[in-house]
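Structure assessment
Here is what each chain is made of, one letter per residue.
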Amino acid sequence: MSPAPDVLDLYERLIATQPDLQRKGATMPYTSLNGHMFSFLTAEEHLALRLPLPERDAFLAKYQTVLCEQHGKVMKEYVEVPDSLLRDVDELAPHFEASYTYVSSLKPKPTRRRGS
């Protein structure tokens, strides 16, 4: 099931803060760079954002939120963005940029060739 139009619109506005970045995924919208996903909308329409440790700890404390959990498993590098913060794209944009910068520092994942 696709996210609600208003949530998807907010996510699109956030993604637009990073030039040349495009949203991927139809039913689970996400962003990735060099094979590393760094943000996505959960089935519950919450934004999950991948952050490096220092920024992650500061984000969790400042916004009184938690690590993202998917399918019963905690995703250690992803924070759950409070809905109120998702609605404030200007305040959220620096955190999104930190996420983008973090994954751009990671070694690109090798591409997989599909067999014939």
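To be clear, the structure that these remarks concern was listed above.
Residues numbered from 1 in each chain as written. Predicted model: local features only at pLDDT ≥ 70, side-chain atom pairs only at ≥ 80, totals over all residues. Heavy atoms only, no water.

With that settled, the discussion passes to the packing of helix α2 (residues 53-63) against helix α4 (residues 89-104). Running from N to C, α2 and α4 point in directions that differ by 155 degrees, and their axes come no closer than 11 Å. In terms of orientation, α2 and α4 fall into the roughly antiparallel class. The element α2 and its partner α4 pack so that their crossing is left-handed. Residues E55, F59, K62 and Y63 of α2 lie in contact with α4, whose contacting residues are E91, H95 and A98. Along the lines of polarity and charge, the residues of the contact of α2 with α4 split into 3 nonpolar, 1 polar and 3 charged. (Axes fitted to C-alpha atoms, helices over the stretch in contact; angles between N-to-C directions. Helix = DSSP H or I, 4+ residues; strand = E, 2+ residues; numbered from the N terminus. Parallel < 35°, antiparallel > 145°, perpendicular 65-115°, else oblique. Left-handed = near helix turned anticlockwise from the far one by under 90°. Contact = heavy atoms within 4.5 Å. Nonpolar A, V, L, I, M, F, W, Y, C, P; charged D, E, K, R; others polar.)

The next subject is the pairing of strand β2 (residues 36-41). Of all 6 residues in β2, 5 are buried, a share of seventy percent or more. Both strand β1 (residues 30-33) and β2 contribute to a ladder of 4 bridges, which runs antiparallel. Looking at the pairing, T31 lines up with S39 of β2. Where β2 meets strand β3 (residues 47-50), 3 bridges bridge the pair, whose relative direction is antiparallel. (Buried < 20%, exposed > 50% of the residue type's maximum accessible area, 1.4 Å probe, protein only. Pairing = 2+ DSSP bridges.)

Next up on the list: the pattern of salt bridges. Enumeration over the complete set of coordinates arrives at 3 salt bridges. Here D6 makes a salt bridge to R87, at a shortest N to O gap of 4.0 Å. Remark: R87 occurs in the loop between α3 (83-86) and α4 and D6 occurs in helix α1 (residues 5-15); sequence separation between them is 81 residues. The salt bridge partner of R50 is E77, with a shortest N-O separation of 2.6 Å. On the criterion of sequence distance, the pair formed by R50 in strand β3 and E77 in strand β5 (residues 73-81) is long-range, its members being 27 residues apart. Given a relative accessible area of 23%, E77 falls into the partly exposed group. (Salt bridge = Lys/Arg side-chain N within 4 Å of Asp/Glu carboxyl O.)

None of this, on its own, says anything about what the molecule does.
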